[in-house]
Amino acid sequence: MTLPATVAELVRDFRANGRIVIVGASLAGLRAAEALREEGFTGSLTIIGDEPYEPYDRPPLSKQVLKGWVPADHTKLPRMREVDADWRLGVAATGLDRAAKQVRLADGEQVPYDRLLIATGTRARQWPNPTEAALQGVHTIRSRDDAARLRAALAEPPSRVLVIGAGFIGSEVASVCRELDIPVTVVERGSAPLVGALGGVIGEIAAQMQRDHGVDLRCTLGVSSLEGDSAGHVRRARLSDGTVVDADVVVASLGSIRNVEWLEGSGLAAGFWGVGCDAGGRAFDINGVVTDSIYVAGDVARAPHVLYEYEFLAMEHWDNAVFGAEVAAHNMVNLEPHYRPHLLVPGFWSGQFGVNIKSVGVPPFGDEIVFTQGSVAGRSFAAAYGHRGRIVAAVTFDHGKWLEHYGKLIERSAPFPPPPPGWDRPPDMKPMPAEFPEPGVPTEVPDVVLTGHAPSERTAEFRPRRH
Amino acid sequence: MRIVVDLNRCQGYAQCVYLAHEVFRLSGQEALTYEPNPDDERRLQVERAAVACPVHAIVIDRLEGAERGGAS
């Protein structure tokens, strides 16, 4: 048999009889499983998830679920096809042995794989003081159980809610509180809400929007401590300027932590910003060498992006989970030259205070911003972000129909400021600094992060030169 | 039944709101929220809404009634 024929036979055999394990049973894990079957993989498929629930959608949790319109268990994801998998739900993966090709589970079982997909996502960063975090009434929101607990607390209703951190989740929680007519204080260490994700110019608009809706917004301040009553229920917070806020529900929305601890010692390029992988989802080891059998998708993946100077992007975005999973699944059952790249132009949405905020591209990659359409005063506008004379991102407030137009400009690296669309032009179209905080300034962590060029934060081992 | 709306794709045309206002709602001019697991009696409404969406953002479960796998 010729070599190409042998390789083709191996691929056929793997597709028919191989063993694939997916760690992570949320959006990316589910869509990857469906895509593998769609690709014709008929071997054994095991899906491991630490939560006891079948895959559910998370974006509604901080919106319609908190508001009380939709119960927390009503976000089960629709299925695209049957996956015929062995579901191990409610048991976390705790280790990876790459030499033996096994995933270790919390119950001690070892699950063997031929190919592995890592889709373990992120978890909510807890309030850093564990005693204070354990007070009743202190919440984070990431899972369906979190949302159910916070919804129950909001239904009481509380006398005041304190939101710590004004990123997207914190701002959405504040918005829901105001819709429910619950007094809310938002404390943000940065200069404005959303400043890490969208910069100070947009942050100032978001701040005004919050204040117009009756949010007690306190920026450039931190929370020094949380204090409870004798029954162990949170009652007040002390802020870094010495003032005290009385609140009986506290929501810590301090960004997320990537679930990589279980990969400790595996020798993969796993660290604070996630698991390094190539644009096809193949994981890097700590030396920056691509692996053949391990893939990454979703929030925990961190891959170089051709549009952003090949910096490694970590994206906690819904469509990054969906498309990243489909690309990884395709590449898991194909060989070069049939690999596909995951070249997504990032995009997200956030509904808050009755306004639909959407973005395309990577705003923090830009250093300038220009309003291109609509009216800031009317909170209905589009703005573009630029870097070195090209457009790298755009944001819209209630102008979502235009986002595709900007997405296409970004895809082809069109000049910045972009050619003005012949419609709905604002009076002033002068670029100005976008006012992103300097790296190292504490603020809410944006959900798209440029993480530099190195595949691993860990130090690789360098070989001594041979003499 | 189970649905999900790709809100990256959604542009707020609100056709779904006209056709199934118990399932889809606008918050303000453009921000869509919806009931992801509506009652089965809404199926016809939801299917009409999915067909009417100009950007095909509404995804309906293709496995309804079939064995799904995974705990519920």
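None of the values given here were measured: they were computed from a predicted structure.

Asks: Looking at this structure, I do not really get the overall build of chain A. What am I missing?
Replies: Helix and strand content of chain A: 9 helices and 30 strands. A compact globule built from 467 residues should have a C-alpha radius of gyration of about 23 Å, and chain A, at 23 Å, falls within 12% of that. On the principal axes, the C-alpha backbone points of chain A span a range of 75 × 60 × 55 Å. Each of the 467 residues in chain A was classed as buried or not, and the buried ones make up 59%. Excluding contacts between residues fewer than 6 apart, the proportion of contacts in chain A whose partners are at least 24 apart in sequence is 67%. Only carbon and sulfur atoms are counted for the fraction: they give 52% of the accessible area of chain A, which is about 19,000 Å².

Asks: Which parts of the structure should I look at to understand the pairing of strand 13 (residues 223-228) of chain A?
Replies: Across a regular strand the side chains alternate sides, sitting on one face of the sheet and then on the other. Residue and element names in this part refer to chain A. Sheet topology places strand 13 next to strand 14 (residues 234-239); 5 bridges connect them, and they run antiparallel. Bridged to Gly228 within strand 14 is Val234. Adjacent in sequence and paired antiparallel, strand 13 and strand 14 are bridged by 5 residues, among which Gly232 carries a positive phi angle near 85°.

Asks: Can you walk me through the sheet that holds strand 16 (residues 249-252) of chain A in this structure?
Replies: The strands making up a sheet associate through backbone hydrogen bonding, with each pair oriented either parallel or antiparallel. Spatially, the 5 strands line up as an open sheet ordered 9-16-10-11-12 (chain A), and their pairing is parallel. Across the chains shown, the open sheet's two edge strands, defined by having one partner strand only, are strand 9 (138-139) and strand 12 (216-219) of chain A.

Asks: Sorry, what's going on with the pairing of strand 2 (residues 24-27) of chain B here?
Replies: Residues and elements named next belong to chain B. Looking at chain direction, strand 2 and strand 3 (residues 31-34) are connected through 4 bridges and run antiparallel. Paired with Leu26 across the bridge in strand 3 is Leu32. In sequence, strand 2 turns back onto strand 3 through a hairpin of 3 residues, with Gly28 there showing a positive phi of about 85°.

Asks: Quick question: what am I supposed to make of the packing of aromatic side chains here?
Replies: Where two aromatic rings form a pair, the distance of their centres and the angle of their planes describe that pair. Per the stated rule, a full pass over the model turns up 11 aromatic pairs over all chains. Here the aromatic rings of Phe272(A) and Trp273(A) are separated by 4.8 Å at their centres, their planes lie at 80°, and the arrangement is edge-to-face. Of the residues examined, Phe272(A) reaches a relative accessible area of 45% and is grouped as partly exposed. Seen from the ring of Phe14(A), Arg115(A) lies directly overhead, with NZ or CZ sitting 5.5 Å from the centre. Over the ring of Tyr13(B) we find Lys401(A), and its NZ or CZ is 4.5 Å from the ring centre.

Asks: Got a minute to help me understand the pattern of salt bridges in this structure?
Replies: Oppositely charged side chains can pair when the atoms bearing their charge come close. Residue and element names in this part refer to chain A. As enumerated under the stated definition, the model contains 30 salt bridges over all chains in all. The residue Asp212 makes a salt bridge to Arg379 at a minimum N-O spacing of 2.7 Å. Here Asp212, found in helix 7 (residues 195-212), pairs with Arg379, found in the loop between strand 26 (368-375) and strand 27 (380-387); they are 167 residues apart in sequence, far enough to count as distant. Owing to a relative accessible area of 17%, Arg379 belongs among the buried residues under this scheme. Beyond isolated ion pairs, a larger network of salt bridges with shared partners links Glu227, Arg236, Arg238 and Asp246.

Asks: Sorry, what's going on with the interface of chain A and chain B here?
Replies: One widely used convention gives an interface's size as the accessible area the parts lose upon coming together. Counting residues at the interface gives 36 residues for chain A and 35 residues for chain B. Roughly 3,100 Å² of surface becomes buried between chain A and chain B when both sides are summed, with 51% attributable to carbon and sulfur atoms. Sorting the residues of chain A by area buried against chain B places Trp69(A), Arg79(A) and Lys401(A) first, and these three jointly supply 22% of that buried surface. In this structure, the connection of chain A to chain B is made through 1 salt bridge. For Glu54(A), the salt bridge identified is with Arg2(B), shortest N-O distance 2.8 Å. At the boundary of chain A with chain B, the tally comes to 19 residue pairs in polar contact (both at pLDDT 80 or more). Elements represented by at least two residues in the side of chain A that touches chain B include exactly strand 3 (86-89), helix 8 (318-332), strand 24 (347-352) and strand 25 (355-361) of chain A. The element best represented in the side of chain A that touches chain B is strand 24 of chain A, accounting for 4 residues. Within the side of chain A that touches chain B, the residues separate by chemical class into 15 nonpolar, 9 polar and 12 charged.

Asks: Looking at this structure, I do not really get helix 9 (residues 403-411) of chain A. What am I missing?
Replies: Every α-helical turn comprises 3.6 residues, leaving residues that sit three or four positions apart pointing alike. All names here are of chain A. Those residues of helix 9 lying buried are Leu403, Tyr406, Gly407, Leu409 and Ile410. Around the axis of helix 9, the buried residues are gathered within 160° of arc, so they sit on the same side. Elements in contact with the buried residues of helix 9: strand 25, strand 26, strand 27 and strand 28 (390-397). Among the residues trailing helix 9, Ser413 stands out with phi positive, at a value near 50°.

Asks: Sorry, what's going on with the packing of helix 2 (residues 27-38) of chain A against helix 8 of chain A here?
Replies: Packed helix pairs are specified by the crossing angle of their axes together with the interaxial distance, meaning the distance between the axes. All names here are of chain A. Orientation of helix 2 relative to helix 8, taken along the N-to-C sense of each, is 35°, at an axis distance of 8 Å. The element helix 2 and its partner helix 8 pack so that their crossing is right-handed. Two secondary-structure elements touch here, helix 2 through Leu27, Ala28, Arg31, Ala32, Ala35 and Leu36 and helix 8 through Trp318, Ala321, Val322, Ala325, Glu326, Ala329 and Met332. Classifying every residue of the contact of helix 2 with helix 8 gives 11 nonpolar, no polar and 2 charged.

Asks: Quick question: what am I supposed to make of the side chain of Ser253(A) here?
Replies: By the element assignment, Ser253(A) lies in the loop between strand 16 and strand 17 (256-258). Those residues in contact with Ser253(A) that sit more than four places away from it in its chain are Val163(A), Ile164(A), Gly165(A), Ile169(A) and Gly170(A).

Asks: Where do I start with the state of the cysteines in this structure?
Replies: One covalent bond between the sulfur atoms of two cysteine residues makes up a disulfide. Per the stated rule, a full pass over the model turns up 0 disulfides over all chains. This cysteine, Cys219(A), is not joined by any disulfide, and Cys177(A) carries the nearest cysteine sulfur, 16 Å off. For Cys219(A), a relative accessible area of 15% corresponds to the buried category. Cys53(B) carries a free sulfur, and the closest cysteine sulfur to it, the one in Cys16(B), is 6.6 Å from it.

Asks: Any chance you could explain helix 2 of chain A here in plain terms?
Replies: All names here are of chain A. With 12 residues, helix 2 extends 16 Å from end C-alpha to end C-alpha; this agrees with the ideal 16 Å at 1.5 Å per step. Helix 2 sits mainly inside the fold: 11 of its 12 residues count as buried. Where helix 2 is buried, its residues meet strand 1 (19-23), strand 2 (44-49), strand 3, strand 7 (115-118) and helix 8. Looking one or two residues beyond helix 2, the residue adopting positive phi is Gly40, at roughly 95°.

Asks: Looking at this structure, I do not really get the environment of Val5(B). What am I missing?
Replies: All names here are of chain B. Along the chain, Val5 turns up in strand 1 (residues 3-5). On a C-alpha basis, the gap between Val5 and Thr33 in space is 8.8 Å, while along the polypeptide they are 28 residues apart. Apart from residues lying up to four places away in sequence, Val5 is in contact with Cys10, Phe24, Leu32, Tyr34, Ala57 and Ile58.

Parameters at a glance
Residues numbered from 1 in each chain as written. Chains lettered and ligands numbered in written order. Predicted model: local features only at pLDDT ≥ 70, side-chain atom pairs only at ≥ 80, totals over all residues. Heavy atoms only, no water. Helix = DSSP H or I, 4+ residues; strand = E, 2+ residues; numbered from the N terminus. Rg over C-alpha atoms; globule rule 2.2 N^0.38 Å. Buried < 20%, exposed > 50% of the residue type's maximum accessible area, 1.4 Å probe, protein only. Contact = heavy atoms within 4.5 Å. Areas by Shrake-Rupley, 256 points an atom, 1.4 Å probe, with all protein chains shown as cover. Pairing = 2+ DSSP bridges. Phe/Tyr/Trp six-rings, centres within 6.5 Å; stacked < 30°, edge-to-face > 60°. Lys NZ or Arg CZ within 6 Å of the ring centre and 35° of its normal. Salt bridge = Lys/Arg side-chain N within 4 Å of Asp/Glu carboxyl O. Buried area = accessible area lost by both parts, 1.4 Å probe. Polar contact = N/O pair within 3.5 Å; in protein donor to acceptor, adjacent residues only side chain to side chain. Nonpolar A, V, L, I, M, F, W, Y, C, P; charged D, E, K, R; others polar. Arc of directions from axis to C-beta. Axes fitted to C-alpha atoms, helices over the stretch in contact; angles between N-to-C directions. Left-handed = near helix turned anticlockwise from the far one by under 90°. Disulfide = S-S within 2.5 Å. Expected span 1.5 Å × (residues − 1).

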